[in-house]
Amino acid sequence: MLPVVLLLPAEPSTKEIILILDTEGMEHAIHQDSLAHAWLETGYSVLLADLPGIGSMGPGFMKGDSYIDSTSYNQWFAALLTGKTNVGLRLKTLSG
């Protein structure tokens, strides 16, 4: 399961939904970043989510023993061994 928030505009102009995956988490996207609010003002719905290691699923969740630029070396190596990208590994893990 992923923590998500769906923000709906006051006056929708489209049925499309914009997905935002903020590197600092959905709380940051809502309170400190203007991108989500800009899309809402133009009439788009905005879906925010936290992936493992980010936001509410941050430090401590899927933690490894070594990091390179705040990215778990263990997760990177697992992606390399399975022939997937780091993001692809996370999505496959989350979807089952």
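This text follows the structure it describes.
Residue positions are given per chain, counting from 1 as you read along its sequence in written order. For this predicted model, a pLDDT threshold of at least 70 governs which residues receive local features, and a threshold of 80 or more governs which side-chain atom pairs are given and counted, while totals over whole chains, interfaces and linings are taken from all residues. The side-chain numbers reported here are obtained from all heavy atoms of the structure, hydrogens and water having been left aside.

1. Examining the side chain of His 28
Put simply, the rule reads: By definition, any uninterrupted DSSP run of H or I lasting at least four residues is a helix, any uninterrupted run of E lasting at least two residues is a strand, and each is numbered from the N terminus. The buried label goes to any residue with under 20% of its type's maximum accessible area, the exposed label to any with over 50%, and the partly exposed label to all in between, with areas taken from a 1.4 Å probe on protein chains only. What makes two residues a contact is simply this: any of their non-hydrogen atoms within 4.5 Å.
Tracing the backbone through its elements, the reader meets His 28 in helix 1 (residues 26–31). Exposure remark for His 28: the relative accessible area of 17% places this residue in the buried category. Look past the residues within four positions of His 28 in its chain and what remains in contact with it is Asp 22 and Asp 33.

2. Focus: the sheet that holds strand 3 (residues 45–49)
Rules: Strand pairing requires that DSSP identify at least two bridges connecting the strands. Simply put, an axis is a line fit to the C-alpha atoms, just over the touching stretch for a helix, and the angle between two N-to-C directions goes from 0 to 180 degrees.
As summarised here, the arrangement of the three strands in space is 1-3-2, forming an open sheet in which the pairing is mixed. Strands at the two margins of the open sheet, each flanked by one partner only, are strand 1 (4–7) and strand 2 (17–20). Strand-to-strand twist in this sheet, taken as the mean axis angle between neighbours without regard to direction, amounts to 20°. Sheet topology places strand 1 next to strand 3; four bridges connect them, and they run antiparallel. Pairing of Leu 7 across the sheet is with Val 46, part of strand 3.

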